[in-house]
Amino acid sequence: MICMIKHFRTTLPRFMRSLIPGFTLILIMMLSGCEINRLRSAEELYRSQRYAGAIEELDTLIRIAQNGAIATRAELIRSNSYLELGKTAVERDNRPLAIRFLKLANSEAADLELGALYFRMAEEADEAGNRTLAQKYLEDILREIPDSPLVPQVVLRRMSIYMSEYQDRNSTWEDYKYLYDNFPNNAYEIQARYIVMQFIDSRIAYAMLLRDQEYYDDALKELFELSRYPVVDGKHINSLISDVYQAQAEEFIDAEDYMEADRLYRIAVQYDPSKEEMITKRLESITDLYIQKGDSLLQERDFAGAMLHYNKTFQIIPDYAPALAAIARLQKLQEDIRQAEIIFAQGEKAEAAQKYSEALGLYNQAIALDPKPEYRSHAGIMQNMVEAQRDPVGFARRILADYRNGLIPARVATKREEVLRTHNLNEVRDSGWKFLLSTGQYKYEARYDLLTPTQTFLYVWQINLRDRSLIPLNKLSEALMK
């Protein structure tokens, strides 16, 4: 209507446009008067219980109303009209029509009537033995009227159906949790507890089965959920929770994760203080495990890890003497390692200056402080160099003789005996063992030759005096060593 007025105004000559505001006001007043008259007419129909006519009048008014207050009032009267029609349909036992009218009313009062109707229908179905239909009507209330004051009673009734008709413990438990979470200590919630108590022990047993099968997180989840509701003994549930944490702690001990075991043991005590003395003794035993683990890490030269485990014992026993002693050992070892590094470096300088005896002494001092394989290797080489300087040929002979418990001289001797069995002594030229300088510093060649008119056996090895290694210099010598 306002748009029509605006359009009409733009088509008028300029001198007539000044008359438009007054005309518009008059027109709006006329329209409002019409709406008020329609509203009064509908109210009169409502008061005279002519609800269908009132609804028809109100539908038209709501569709064309320009006045928001009039439209709101019209919607309220229409809702009440549907409510009254719904009540009448209930009285006449026309339930489908009653349900339709009460839903159209869409008000709190209508919801109360609709909930009561559904509940009555559920009771009748239950009495007739049709629990499936009864459950449907109960669920209609929960779905369509979630704020109904009947909800606690409805949930209780549905729990009863779940148990009596289907033995559905899970659904019964879920309904009870909803009931307690939203209506704690309500009369119907209290009644519901007795239904749940029929099977609550099985849920506790399930949690214990999860614990025994080492599904600790799942067991705790189940027990924590149970602990929220007044259908279990809280002290008993807390004790079971403590058992789960204690079982977890034992597994971490087996895995040598003593810090996590310590944390879990302490949680176990929080849930069951009666275990404090027993768990305290167990925690004290962990201190020794910390020391053992620290010692193991110390052997691996993980000083930070070892110190962490030693210090952890103080959280259980302040100034724990074995831990203090272990820390002293760690610090002494660190100091020995630092000193060994300094002495080893001095040994390297002496070795570079070919002061082999001095280097050997320094390396042995380093080994006494820190028996590292590197230090032992250098000391071994220096020992060889000292021997090589004193008597290189004699040292070369000993190296050859010591190789695999005298393998080479023994096999050469065996070969010589074989040759003498087939030849006269004057036919065999036997050079005996010869040791000659070889190419490279501190290297010698060991030779042994057997010659006959028909065969020649030439054996030769290079001996490295520095590292006592032997290298065959021909295939015949190589074959002899296999």
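Note that this is a predicted model, so its numbers are computed, not measured.

Rules used throughout
Counting restarts for each chain: residues are numbered from 1 in the order of the written sequence. Where local features are concerned, this predicted model is filtered to residues with pLDDT of at least 70; where side-chain atom pairs are given and counted, the filter is 80 or more; whole-chain, interface and lining totals use all residues. Excluded from the side-chain calculation are hydrogens and water; included are all heavy atoms of the structure. The secondary structure listing takes helices from DSSP runs of H or I that are at least 4 residues long and strands from runs of E that are at least 2 residues long, numbered from the N terminus. Partly exposed describes any residue whose relative accessible area lies between the buried limit of under 20% and the exposed limit of over 50%, with all areas from a 1.4 Å probe on protein chains only and scaled to the type maximum. For this analysis, residues touch if any pair of their heavy atoms sits within 4.5 Å. Counting rule applied: Lys, Arg positive; Asp, Glu negative; His and chain ends not counted. Working definition for charges: the position is that of NZ of Lys, CZ of Arg, CG of Asp or CD of Glu. Geometry of aromatic contacts follows a simple scheme: Phe, Tyr and Trp rings, the Trp one being its six-membered ring, pair when their centres are within 6.5 Å, and the pair is stacked under 30 degrees between planes, edge-to-face over 60, tilted otherwise. Only the contacting stretch of a helix is used when fitting its axis, a line to C-alpha atoms as for every element, and angles between N-to-C directions run 0 to 180 degrees. Here is the rule for angles: anything less than 35 degrees is roughly parallel, anything more than 145 is roughly antiparallel, 65 through 115 is roughly perpendicular, and the remaining ranges are oblique. Should the near helix be turned anticlockwise from the far one by less than a right angle, the crossing is left-handed, and should it be turned clockwise, the crossing is right-handed. Each residue gets one of three labels, nonpolar for Ala, Val, Leu, Ile, Met, Phe, Trp, Tyr, Cys and Pro, charged for Asp, Glu, Lys and Arg, and polar for the others, Gly among them. Here, a salt bridge means any Lys or Arg side-chain nitrogen found within 4 Å of an Asp or Glu carboxyl oxygen. Residues belong to one nonpolar core when they are buried, are Ala, Val, Leu, Ile, Met, Phe, Trp, Tyr or Cys, and are joined through side-chain atoms within 4.5 Å.

## As for the overall build of the chain
In terms of regular secondary structure, the chain is built from 23 helices and five strands. Considered along the principal axes of its C-alpha atoms, the chain spans approximately 155 × 80 × 60 Å. Within the chain, the proportion of its 482 residues that are buried is 40%. At a minimum sequence separation of 6, the contacts of the chain that also span at least 24 residues come to 48%. In the chain, 61 positive and 71 negative side-chain charges are present, and the distance between their average locations comes to 7 Å.

## Brief notes about the packing of aromatic side chains
Given two aromatic rings, their pairing is described by the distance between the two centres and the angle made by the two planes. Following the criterion strictly, the structure yields 15 aromatic pairs and no others. Seen from their ring centres, W173 and Y229 are 5.4 Å apart, and the 80 degrees between their planes marks the pair as edge-to-face. A residue pair is termed long-range when its members are at least 10 positions apart, and W173 in helix α10 (residues 169–182) and Y229 in the loop between α13 (216–227) and α14 (234–254) qualify at 56 residues. The exposure class assigned to W173 is buried, which follows from its relative accessible area of 0%.

## Considering the environment of R193
If you trace the backbone, R193 turns up in helix α11 (residues 187–196). Judged by relative accessible area, R193 falls into the buried class, the value being 16%. The sequence separation of R193 and F435 amounts to 242 residues, and the corresponding C-alpha distance is 102 Å. In this view, R193 contacts Y176, Y180, N185, P230 and V231; residues no more than four positions away in its chain are not counted.

## Notes on the packing of helix α16 (residues 276–299) against helix α17 (residues 303–312)
Remark: α16 packs on α17, axes separated minimally by 8 Å, with the N-to-C direction vectors making an angle of 170 degrees. In terms of axis orientation, α16 runs roughly antiparallel to α17. Viewed along their axes, α16 and α17 form a crossing whose handedness is left-handed. For the pair formed by α16 and α17, the contact residues are Y290, I291, K293, G294, D295, L297 and L298 on the first element and F303, G305, A306, H309, Y310 and K312 on the second. Looking at the contact of α16 with α17 residue by residue, the class counts come to seven nonpolar, three polar and three charged.

## Quick look at the pattern of salt bridges
Tallying each qualifying case throughout the model produces 40 salt bridges. D126 is the salt-bridge partner of R131, the closest N and O atoms lying 3.3 Å from each other. Relative accessible area serves as the criterion here: at 29%, R131 is assigned to the partly exposed category. A residue is classified by how much of its surface remains accessible, and D126, at 23% relative accessible area, is partly exposed.

## A closer look at unusual backbone geometry
One non-glycine residue, D93, adopts positive backbone phi at about 60 degrees. Checked against the element boundaries, D93 lands in the loop between α5 (68–91) and α6 (95–105).

## As for the nonpolar core
Generally speaking, soluble globular proteins have nonpolar side chains that are buried together. Judged by nonpolar contacts, the single largest core of 73 residues is most densely connected at W173 and L223. Counting residues per element, this core draws most heavily on helix α7 (residues 108–127), at eight residues. Excluding residues that lie within four positions of it along the chain, L223 makes contacts with A207, M208, I237, L240, I241 and V244. Formed by 22 residues, the second largest nonpolar core is a distinct cluster that contains F395, F435, L450 and L465.

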